[in-house]
Amino acid sequence: MQTLLVATRKGLFVVRGHGTQWAIAAHHFAGDPVTQVLADPRNGDWYAALRMGHFGVKLRKSEDQGATWEEIAAPAFPTKPTEGPLADDPTPWNVEMLWSLTPGSVDQPGTLWAGCMPAGLFKSEDGGRSWTLNTALWEHPKRLGWFGGGNDYPGMHSVLVDPRNAQHITLGISCGGVWQTTDGGQTWALTADGMRADYLPADSEQDPNTQDPHRIVQCTAQPDVLWAQHHCGLYRSTNGGQLWTGIAAPKPSGFGFAAACDPLDSLRAWFVPAQADTHRYPLDGKMVVNRTDDGGQTFTTFTSGLPQENAYHLVYRHSLELAPDRQTLAMSSTTGGLWISADAGEHWHCVSKDLPPVAALGWVPD
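Keep in mind it's a predicted model, so treat the numbers as computed, not measured.

## Some points on the sheet that holds strand 14 (residues 177–181)
Turning to step 1, where the next piece is worked out: Here we have 4 strands laid out as an open sheet, ordered 12-13-14-15, and antiparallel in their pairing. Of all strands in the sheet, those with a lone pairing partner are strand 12 (155–161) and strand 15 (189–190), marking the two edges.
Turning to step 2, where the next piece is worked out: Examined bridge by bridge, strand 13 (residues 169–174) and strand 14 share 5 bridges and lie antiparallel to one another. Its bridge partner being in strand 14, Gly172 is matched across the sheet by Val178.

Shown next as structure tokens:
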């Protein structure tokens, strides 16, 4: 029996099953928008981030697999300064959404990282009961050059902790490129070289500070291998993100939001294409999943079990997730679809077409 957490606009759903037998087992926070979930593999704790409008961002934690929940502190910016270089910062100093939740290393049992919108990075060392803004990145002069993609403000959606070195963290920001630290966040380097943004003028389309990686994922066994679904195509890095190489996009499109990779096989990754840019739904209404098994040299397109006509689903950044068994893959959409594949994406089973819009998925470790 496997357990999947499904964060939606109308609450958090718990889905359990295996193979083609899946069912909704529980529904938490009914009616409340949930933007991110985490089932901590270190201790089994569950976290759910809620976006409550004028009530602000809320964070809930369960230490008993959802039987009970408690409200804990949510990340919050300090008061914006009234003088100095940040006094005229056009970005509001208010967390509008918690977009990424990432556990620290195994030897840091209480450490969590949160990426937010606007694009601030927060750290907790006590299991989410208190948070500290990473000021080195927030006060970096280049931050003022970031901008929103499909949102009003730049957002931090990908936070990756190197399993070899907990001080090495990689961030994906829309639109602010790829940033890395090797000293736990004291200093930061911009590492989006090789990416190209064709939505910008020709003389600035390779500016690393204005790239729009939609999602970045990392191979656990070989952490120097990173994959990125960019606004303008697919990228892969084999040197820890210092240089990104474009991948020839498989048909029907290189545009999309979601990416997933095998934690043990650095050559295998999955992407879900869509029609850019104002359409944002499957080309010709046919939903497909593309998988590469050779590092992006070739792709296989899978359609079995997916709608092949009049399909207008968009698979968002955190809506394609591989289970710990490396074979079970879950995919959801902004129009309430949820599919699960038991064979690495080759065949799909529709769990539901009627969920609220889904923001994120999270597998519960066995």
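After presenting the structure, the write-up continues.
## A short note on the environment of Ala74
Turning to step 1, where the next piece is worked out: Residue placement: Ala74 occurs in the loop between strand 7 (70–72) and strand 8 (97–103).
Turning to step 2, where the next piece is worked out: A C-alpha to C-alpha distance of 28 Å links Ala74 and Ala228, two positions 154 residues apart in sequence.
Turning to step 3, where the next piece is worked out: If we skip the residues at most four places from it in the chain, Ala74 touches Val57, Lys58, Leu59 and Trp131.

## Regarding the packing of aromatic side chains
Turning to step 1, where the next piece is worked out: What the rule picks out here adds up to 12 aromatic pairs.
Turning to step 2, where the next piece is worked out: Among the aromatic side chains, those forming a connected cluster through ring pairs are Phe77, Trp93, Phe122 and Trp138.

## Thoughts on the side chain of Asp45
Turning to step 1, where the next piece is worked out: Along the chain, Asp45 turns up in the loop between strand 4 (34–39) and strand 5 (46–51).
Turning to step 2, where the next piece is worked out: On the basis of relative accessible area, Asp45 is assigned to the buried category, the value being 7%.
Turning to step 3, where the next piece is worked out: With near-sequence residues (within four places) excluded, Asp45 lies in contact with Leu38, Ala39, Asp40, Lys61, Ser62 and Glu63.

Parameters at a glance
Residues numbered from 1 in each chain as written. Predicted model: local features only at pLDDT ≥ 70, side-chain atom pairs only at ≥ 80, totals over all residues. Heavy atoms only, no water. Pairing = 2+ DSSP bridges. Helix = DSSP H or I, 4+ residues; strand = E, 2+ residues; numbered from the N terminus. Contact = heavy atoms within 4.5 Å. Phe/Tyr/Trp six-rings, centres within 6.5 Å; stacked < 30°, edge-to-face > 60°. Buried < 20%, exposed > 50% of the residue type's maximum accessible area, 1.4 Å probe, protein only.

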